[in-house]
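# Structural overview
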Amino acid sequence: MSLLQALAYFFWEAVRNLLRGWRISSLAVATTALSLFIGGTLVLLGTNLTRAVDQWRADAQVVIYLAEDASSDQLAALRSGLENSSVWTQVREVSPEQAQIRFKQRFPDLAQVAGDLERNPLPASIELRSRGSRVQVAAEIAELVRQGAVAEIDDDGEWLEKMEAAASVASLLGLLIGGILMIAAAISIASVVRLSTFVYRKEIAAMRLIGATEFFIRGPFVVEGLVQGVAGSVVALAALWLGYYGLGGLELPWFARGALLDFFLSGGQTSGLLALGGLAGLVGGLIPLRERTGVFG
Amino acid sequence: MIEFFNVSMVYPGDKVALSEISLRIPRGQFVVLAGKSGAGKSTFLRLIYRAEVPSRGQILVNGRNVASLPAKKVPFLRRTMGIVFQDFSLIERKTVFENVTFLPHILGVDARTRRELAERTLKRVGLLDHIDAYPAELSGGEQQRVAIARAIVNGPDLVLADEPTGNLDPDLSREIMRLFEEIHLEGTTIVLASHDPEAQKEFGQRLLVLDHGRLVADRPLRVMETEAAVQG
Ligand SMILES: Nc1ncnc2c1ncn2[C@@H]1O[C@H](COP(=O)(O)OP(=O)(O)O)[C@@H](O)[C@H]1O
Ligand SMILES: [Mg+2]
């Protein structure tokens, strides 16, 4: 028998074994699927968060609200400081009047309220975009605060940094939890395959007597594990996909949409998930063949 | 041809199963191995198909030193022989067809040729009607005939049988023994272990008697009528 024929034979033998014991094999498939689903969800979340943060970072600004009592000397010093710094790629002044117009455009419902006020409550500000690293930006901001003309500084980078950390944590947790759960999956697949070898131990003995090599005797059991692992990852992928598009149909706030639904798993991540399931199955299929249960050792 | 040179087998726990056996079984002989339960018959056969390695001595099967055969080569040794057991040892989840052609299948024989092979072999054992049945659907005598078909499907030089009629009633036993007789007449060497005195009376050319692991008798059995007819 050629290798390809042998693999086909292993596959059909494995499928036959699995269908015979479908109740317990579907349990192992479900364990694998659940493990990969949990891990996959976290990785998906992490990936989307990372991408969202990257996009938000492009729009991120540092806004300096100027103190009302700032002297013109102070303001001049501030302006020249900003112009001469290499960190800022954009320095745009927004007068209180401009701020009010923008406010009315952005929140038309509140425009009436703002118009009724006697005095414009919005302060003058300077909107900055940065190029430097977070450390450089933070140092510049600290320097700005020390000069008196600044009432308040609103730095988008601060919460972006937190989101970024959350994204890494989600991805890392996904890999970690997924990894641990994959061990559980491999163990449960191993117990299915172990049971199979036990149920068929007399037939295994008979095959040996006929002159079957260990390759032919063990092959179907390894493939039995592999099939369960891959089946588990297919189920997990389907569940992730359903969850992803199910959520997509819901009304979600823009940031949740960005964090969850920007992007489904990449081709690489999908193959990775399949490979992980296959690996768990392969390991699960090989474990019983190396044990001294009397069937193989 | 099988040769034993001073073969002893001691199982763990100092259980002596065979001691100092030397003999020669020429090609084409039908040997009946007799002796009480525990005399060492199964051990004798197990040494030939290398399920055990002798504690002392050498065993040659068709010129191959079985005792020193590496484990990896054991399947290839067994492919040159057919083995039949008291409990039939069929593969329960496979049909009669699949059981009989299991070895040809893993050797890469295509499905059509396997079918022809199975039909030809099952015809010889009178089971063609049951080619697609599962072992559980057959009687004991039928299952043993499947096992015999499986043993001879590859045209082996040597057939080993360990109490093949042990689970069958006398009429069926005679049928099975006649089947071995036919296989022998085609030139196959047969070593058949049996504690059944009936088997020793009517079949075989040579009787070996074991007692507590010793060879206590080795004598020719009368030439059978069937064989005499063929030779005449
Ligand atoms: N695996 C084994 N371990 C220990 N003792 C064994 C084993 N197999 C057989 N024996 C012992 O060896 C002796 C011969 O056994 P066996 O060859 O099976 O005899 P028979 O087939 O003639 O009944 C018996 O006393 C039996 O108890
Ligand atoms: Mg015995």
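Residues numbered from 1 in each chain as written. Chains lettered and ligands numbered in written order. Predicted model: local features only at pLDDT ≥ 70, side-chain atom pairs only at ≥ 80, totals over all residues. Heavy atoms only, no water.

### Structural notes on the overall build of chain A
What counts here: Think of it this way: any DSSP run of H or I at least four residues long counts as a helix, any run of E at least two long counts as a strand, and we number them from the N terminus. Radius of gyration here is computed from C-alpha atoms only, and the compact-globule reference equals 2.2 Å multiplied by the residue count raised to the power 0.38. Type-normalised accessible area, obtained with a 1.4 Å probe on protein chains alone, sets the label of each residue: buried when under 20%, exposed when over 50%, and partly exposed for intermediate values. When checking whether two residues touch, look at their non-hydrogen atoms; a contact exists if any pair is within 4.5 Å. Here the open area of atoms and residues is found with the Shrake-Rupley method and a 1.4 Å probe, where only the protein chains shown may cover a residue. Only four residue types enter the charge count, namely Lys and Arg as positive and Asp and Glu as negative; His and the chain termini do not. Lysine's charge is taken at NZ, arginine's at CZ, aspartate's at CG and glutamate's at CD.
Check the secondary structure of chain A and you find 11 helices and 4 strands. Here the C-alpha atoms of chain A give a radius of gyration of 31 Å, more than 25% beyond the 19 Å that 2.2 N^0.38 yields for 297 residues. Looking at chain A as a whole, 39% of its 297 residues qualify as buried. Relative to all contacts within chain A whose residues are 6 or more apart in sequence, the contacts with residues 24 or more apart total 85%. Taken as a whole, chain A presents about 16,200 Å² of accessible surface, with 64% of it coming from carbon and sulfur. Computed over 24 positive and 28 negative side-chain charges, the separation of the two mean positions in chain A equals 18 Å.

### A closer look at the overall build of chain B
Along the backbone of chain B there are 9 helices and 10 strands. The C-alpha atoms of chain B give a radius of gyration of 17 Å, which matches the 17 Å a tight globule of 232 residues would have. Burial status across chain B gives 54% buried among its 232 residues. For chain B, restricting intrachain contacts to residue pairs at least 6 apart in sequence, the fraction spanning at least 24 positions comes to 67%. Averaging the coordinates of the 30 positive side-chain charges in chain B and doing the same for the 30 negative ones gives two points 7 Å apart.

### Notes on the sheet that holds strand β7 (residues 158–162) of chain B
All names here are of chain B. For the record, the criterion: For two strands to be treated as a pair, DSSP must find at least two bridges joining them. Each axis is a line fitted through C-alpha atoms, and for a helix only the stretch in contact is used; angles between axes span 0 to 180 degrees, taken between their N-to-C directions.
What the 6 strands build is an open sheet, ordered β6-β7-β8-β3-β9-β10; its pairing is mixed. The open sheet has two edge strands with one neighbour each: β6 (81–85) and β10 (214–220). Averaged over neighbouring strand pairs, the angle between their axes works out to 15 degrees when direction is ignored. When strand β9 (residues 206–211) meets β10, the two strands line up antiparallel, connected through 6 bridges. Residue pairing in the sheet places D211 in a bridge with R214 of β10. On top of the sheet, helix α1 (residues 41–48) reaches β3 (30–34), β6, β7, β8 (189–193) and β9; it is set at about 150 degrees to β7, its chief contact. Contacts from helix α7 (residues 170–185) reach β3, β6, β7 and β8 within the one sheet, and its direction differs from that of β8 by about 155 degrees.

### Structural notes on the packing of aromatic side chains
The test is simple: Planes of paired rings set the category: under 30 degrees apart is stacked, over 60 is edge-to-face and the rest tilted, where pairs are Phe, Tyr or Trp rings (Trp by its six-membered ring) whose centres lie within 6.5 Å.
The final tally for this structure, using the stated rule, is 12 aromatic pairs over all chains. Here W241 of chain A and Y245 of chain A contribute two aromatic rings whose centre-to-centre distance is 4.7 Å and whose plane-to-plane angle is 50 degrees, an arrangement assigned as tilted. Of this pair, W241 of chain A and Y245 of chain A are both found in helix α9 (residues 214–248), 4 residues apart, which corresponds to roughly one turn of the helix. Judged by its relative accessible area of 44%, W241 of chain A is partly exposed. Both rings, one in F4 of chain B and one in F44 of chain B, keep their centres 4.4 Å apart while their planes meet at 10 degrees; by these two values the pair is stacked. Of the two residues, F4 of chain B is situated in strand β1 (residues 2–11) and F44 of chain B in helix α1; the sequence distance between them amounts to 40 residues. Among the residues examined, F4 of chain B registers a relative accessible area of 1% and is labelled buried. A relative accessible area of 1% means that F44 of chain B is categorised as buried.

### A closer look at the interface of chain B and chain A
Using the following cut-off: Once two parts are put together, the accessible area they lose, assessed with a 1.4 Å probe and summed over both, is termed the buried area. One side-chain nitrogen of Lys or Arg within 4 Å of one carboxyl oxygen of Asp or Glu is enough to make a salt bridge.
On the chain A side, the residues contacting the 20 residues of chain B number 17 residues. In total, about 1,900 Å² of surface goes out of reach between chain B and chain A, with carbon and sulfur atoms giving 58% of it. By the criterion of area lost to chain A, the three top residues of chain B are R93, F102 and I106 of chain B, representing 38% of everything that side buries. Put simply, chain B and chain A have 4 salt bridges between them. The closest approach of N and O atoms between R93 of chain B and E13 of chain A, which form a salt bridge, is 3.6 Å.

### As for the pattern of salt bridges
Enumeration according to the criterion identifies 20 salt bridges over all chains in this entry. Among the ionic pairs, K94 of chain B bridges to E13 of chain A, the shortest N-O distance being 2.8 Å. Remark: E13 of chain A occurs in helix α1 (residues 3–20) and K94 of chain B occurs in the loop between β6 and α3 (96–100); the pair is interchain, linking two chains. Through salt bridges that share partners, E13 and E203 of chain A together with R93 and K94 of chain B make up one connected network.

### Quick notes on the sheet that holds strand β2 (residues 15–25) of chain B
In sheet architecture, strand pairing relies on hydrogen bonds along the backbone and comes in two forms, parallel and antiparallel. All names here are of chain B. Across the sheet, 4 strands lie side by side as β2-β1-β4-β5; this open sheet has antiparallel pairing. Edge positions in the sheet fall to β2 and β5 (64–65), since each has one partner strand and no second. The sheet contact formed by β1 and strand β4 (residues 56–61) spans 5 bridges and is antiparallel. The partner of S8 across the bridge, within β4, is R56.

### Notes on the environment of L185 of chain B
Residue and element names in this part refer to chain B. Here L185 shows up in helix α7. Residue class for L185 comes out partly exposed when judged on its relative accessible area of 36%. Remark: the alpha-carbon pair of L185 and Q29, spanning 156 residues in sequence, is separated by 9.5 Å.

### Considerations on the domain arrangement of chain A
The test is simple: An automatic or database domain assignment is the source of the domain bounds shown.
Per the domain assignment, the segments making up chain A are domain 1 (3–56 + 161–290) and domain 2 (68–148). Taking the mean C-alpha position of each, domain 1 of chain A and domain 2 of chain A sit 53 Å from one another.

### Notes on unusual backbone geometry
Residues and elements named next belong to chain B. Positive phi outside glycine occurs at R50, with the angle close to 60 degrees. In this structure, R50 sits in the loop between α1 and β4. You will see that S89, though not glycine, has its phi angle at about 50 degrees, which is positive.

### Some words on the side chain of S8 of chain B
Position of S8 of chain B among the secondary structure elements: in strand β1. Among all residues touching S8 of chain B, those that are not within four sequence positions of it are L18, S19, E20, P54, S55 and R56 of chain B.

### Some thoughts on the nonpolar core
All names here are of chain B. Filter applied, for reference: The criterion is simple. A nonpolar core is a set of buried Ala, Val, Leu, Ile, Met, Phe, Trp, Tyr and Cys residues joined through side-chain atoms within 4.5 Å.
In this structure, F30, L122, I148 and F180 are the most contacted members of the largest nonpolar core, which totals 39 residues. Secondary structure elements with two or more residues in this core: β3, α3, α5 (111–124), α6 (140–152), β7, α7, β8 and β9. Among the elements that make up this core, the one with the highest residue count is α6 (6 residues). In this structure I148 touches V84, V125, I176, L179, F180 and I183, once residues within four positions along its chain are discounted. The next biggest cluster of nonpolar side chains, apart from the first, holds 33 residues, and it includes V7, I21, V74 and M81.

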